[in-house]
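A structural walkthrough
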Amino acid sequence: MSDDQGACYLCKEDLRDPVSIPCGHTFCSICLKTYWDHADHTGTYMCPQCRVTYNKRPTPRRNPSSGSTRNSVSSYRASEPSPPAPPSPDYNYAGPRDVGCDICIGRKLKAVKSCLMCLASYCDKHLKPHHENAAFKRHKLVDEIGHLDRQICPQHQKGLELYCRTDQMCICVLCTVKEHKGHDMVSAEQERADMQQRLGATQAEIQEKIHDRVKQMDELKQAVDSLKSSAQRALQESEKLFAEMLRSIERMQQEMSKLITSNKKAALNNAEGHMDRLTHEITDLKRRDDELTALSRTEDHIHFIQSYHMLIAQTDAEELPSVTVNPYFSFGPVTKAVSEMKQHLSEFSNEELVKVAKTVNKMPFCQLDERKRRKTLKPDEVQMHKSPSQPPRSRDEFLKYACQLTLDSSTAYRQLYLSRGNRKATLKRDPQSYSESTQRFDCLPQVLCKEALSGGAYYWEVEWAGEGASIGVTYKGIKKTGYGDSARIGYNRKSWSLFCSDSSYSARHSKDQVEINAPYSSRIGVFLDYSGGTLSFYNVSESMSLIHQFNATFSEPVYPGFWVWYESAITLNQL
C-alpha cells in the first residue's frame, strides 16, 4: 500500500475519522466539513478529488474499512512518533464569483489584494513578497478586483494612468503622444476625485428623494388611516340619519292613516245620523198616510170634516229637511298627495345625492403630481431617453425620443426677433430691446436653446423658411463675440451644423465641410445619440430620409443652436 492510499487528499495527513461521499473518495471528516462549509455561498458542492458536482450537500458516511487502513499505516510507522493532530484547515478556495489568486497552481485560493503595478491578484500566502521585499514598496495594492486586463491600454499594453476628458476614456502615458495629443487630460486620481464629488452630490440628491418618498409614504399611511376612520364615521352617521328619515316617513304614514280613518269615521257617523232621522220620518209619514186613507173611507160627514182640518193643518205646518249627498266624494286626493310627496322626495333625494357625489369626487384622495416631477428637472435640461440599440427608421420611432426645446433670449443676436413662446426666431433689420448679457452673440445672427443635452438620445424638428439657415449643436463655451470662425456654429471644434438653402445643403464641423445633394425640405429632423456619438439630420417624412450624419465623441453637454439669414426664420416644432 502506498503512502497516499492512507492519506487525506485535502490535508495530506493520515486519515482521521475518515468519511466517504457518493463518488467513493474518502477524506478526514473535519477536512471535508471545512471544505464544504466554504462552498455554502455557491450552492454547489464538489468532490475535492474527482470534481464531481452535487447540487445538494451529500451526507458523508463513515468508512467501515478505515480501521484496517489506519492499522496498516500505524504498523508501517510504528517506529515513528505519532504526529500531532493537524489544525482545522481553512480551505479558502475561490468560488465562481470570487477573484482567484493568479499565482496559485491548481485550485486557486481567494485573492485578498490586487496589485495595479503587477496587474495580478494575490492570496495571503503569495502577497507576502509585496509586504516583505523592498522592491515592491512602490507597488499600489487595492482590494481584490477582477478583469485586471481592463487596467491595460489595449494599444500600448501599458497601465492606464490618465483620463482624457475630450474622448471620455482612460488612457496610458503613450496615448498622449499621438492619439490624444492636445486633448483635455487629467490624472485618473483627479478625475476620480471630481467624479466622486459629483457622485456624492448625486447620492445626496437620491437620499433626499428617499427622505421625501418616506415622508410621503408616512403621510399616505396616515391619510389612509384617516380615510378609513372618516369612511366608517360617514357610514355610521348616514345609517343613523337614514334611520331617522325612515322613522319620520313612518310617522307621516301613521299620521296619514289616522287622518283617513278619523275622516272616514266622522263621515260614517254623520251618514248614520241622517239615515236614522230619515227612517223615523218615513215611518211617521207612512202613519199619516194611513190616517188619511182611513179618513177618506169614513161615512160620517161630521167626523170627516172635523178630522180633515186637523190633519191637513198638521201636514202643512211641518217641513222636513232634505239630505244632499256628494256623489264625487272620495279619498283619491289623499292618494294623489302622497304620490306627489313620494315623487318630490325621490327627486329631492336624487338631486342631493348627486350634489354629495360631486362634492366627494372633486376631492381626490391622492394622485401623482406630474407637474412637480417635471419641475425637478433643471431649467436647462430636458428628459433624457435611453440610447437605442438600433437607429430609428420611421418617424413614429423617432418621436419616441422627442424633446421640447425653447430659444434662450439671453443668447439671441439683437436683431433676432423671438416669438411663439421663444420657439421661433426671425432676423429683422431693427434691433430688439434685449437686456444686457455676456452670453449674447454680438455680431452673428445666432441663438442657442436653453436646454442642455447630455447622455441618452434626443429628437427635435425645425421648420425653416427664407434664403437660408443653419441648424446644429454646440458646446456652451463657443465664443459669443466677433465674426470669426470660433463664434460661428459649425466652423470650429466645439460645434456641428447643417446649412440649408433652397438648392442644397452643406454639413460643417471645424475645417471639414461636406456639400450634400438632397431633395429640398422645409422641415428638418435632428436626432442626437449623445452616448452613441452621432448627430443626424433627416428630411422629415414617414420614411425619414437621411441628409447627413456626424460621428463624434461629445465631451460635455451640447446646446441646439441656429444661424438665421435676412428675411429667413426658424421654428421649433412642438412634438
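Here's a quick rundown of the structure. All values derive from a computational prediction rather than experimental measurement.

Attention now moves to the pairing of strand β16 (residues 469-475). In terms of burial, β16 is largely enclosed, as 7 of its 7 residues are buried. Because side chains alternate across β16, one face comprises the buried residues Ala469, Ile471, Val473 and Tyr475, and the other comprises Ser470, Gly472 and Thr474, equally buried. Where β16 lies against strand β17 (residues 495-500), 6 bridges are found, and the strand directions are antiparallel. Note on β17: the bridge partner recorded for Ser470 is Phe499.

Right, let's talk about the environment of Cys31 for a bit. Mapped onto the elements, Cys31 comes out in helix α1 (residues 29-37). On a C-alpha basis, the gap between Cys31 and Tyr9 in space is 9.2 Å, while along the polypeptide they are 22 residues apart.

So, on to the side chain of Ser506. Position of Ser506 among the secondary structure elements: in strand β18 (residues 505-509). Judged by relative accessible area, Ser506 falls into the buried class, the value being 10%. Apart from the residues lying within four places of it in its own chain, the contact partners of Ser506 are Ser497, Leu498, Phe499, Gln513, Val514 and Glu515.

Even without a glycine there, the phi angle at Gln168 is positive, about 55°. In this structure, Gln168 sits in the loop between β9 (162-164) and β10 (169-171). Overall, Gln168 belongs to the partly exposed group, its relative accessible area being 39%. Look at Ser510: it is not a glycine, yet its phi comes out positive at around 60°. When you line up the elements, Ser510 lands in the loop between β18 and β19 (512-516). According to the relative accessible area criterion, Ser510 is buried, its value standing at 17%.

Our next topic: the pattern of salt bridges. In total, this model carries 15 salt bridges according to the counting rule given. Its salt-bridge partner being Arg395, residue Glu461 comes within 2.9 Å of it at the nearest N-O pair. Here Glu461 is found in strand β15 (residues 457-465), whereas its partner Arg395 is found in helix α8 (residues 395-399), with 66 residues between them in sequence. In this structure Glu461 comes out as buried when scored by relative accessible area, which is 0%. Two residues, Asp485 and Arg488, come together in a salt bridge whose shortest N-O distance is 3.9 Å. Using a relative accessible area of 33% as the deciding quantity, one classes Asp485 as partly exposed. When its relative accessible area of 25% is taken as the criterion, Arg488 is described as partly exposed. Here the residues in one salt-bridge network are Arg165, Glu191, Asp194 and Arg198, joined through shared partners.

Moving on: a nonpolar patch on the surface. Judged by side-chain polarity, Leu246, Ile249, Met252, Met341, Leu345 and Phe348 come together as a nonpolar surface patch covering roughly 560 Å² of accessible area. Breaking the nonpolar patch down by element, the ones donating at least two residues are α4 (188-296) and α6 (332-361). As for its placement among the helices and strands, Phe348 is situated in helix α6.

This next bit is on the nonpolar core. Residues Trp460 and Ile524 are the most contacted members of the largest nonpolar core, which totals 43 residues. Excluding residues within four positions of it along the chain, Ile524 makes contact with Trp460, Glu461, Val462, Trp464, Ile471, Leu498, Cys500, Tyr505, Phe537, Tyr538, Val540 and Ile547. Counting residues in hydrophobic clusters, the runner-up holds 16 residues, among them Cys11, Leu15, Tyr35 and Cys47.

The rules behind each value
- Residues numbered from 1 in each chain as written.
- Predicted model: local features only at pLDDT ≥ 70, side-chain atom pairs only at ≥ 80, totals over all residues.
- Heavy atoms only, no water.
- Buried < 20%, exposed > 50% of the residue type's maximum accessible area, 1.4 Å probe, protein only.
- Helix = DSSP H or I, 4+ residues; strand = E, 2+ residues; numbered from the N terminus.
- Pairing = 2+ DSSP bridges.
- Contact = heavy atoms within 4.5 Å.
- Salt bridge = Lys/Arg side-chain N within 4 Å of Asp/Glu carboxyl O.
- Patch = residues over 30% accessible without salt bridge, like charges linked within 9 Å, V, L, I, M, F, W, Y side chains within 5 Å.
- Areas by Shrake-Rupley, 256 points an atom, 1.4 Å probe, with all protein chains shown as cover.
- Core = buried A, V, L, I, M, F, W, Y, C linked by side-chain atoms within 4.5 Å.

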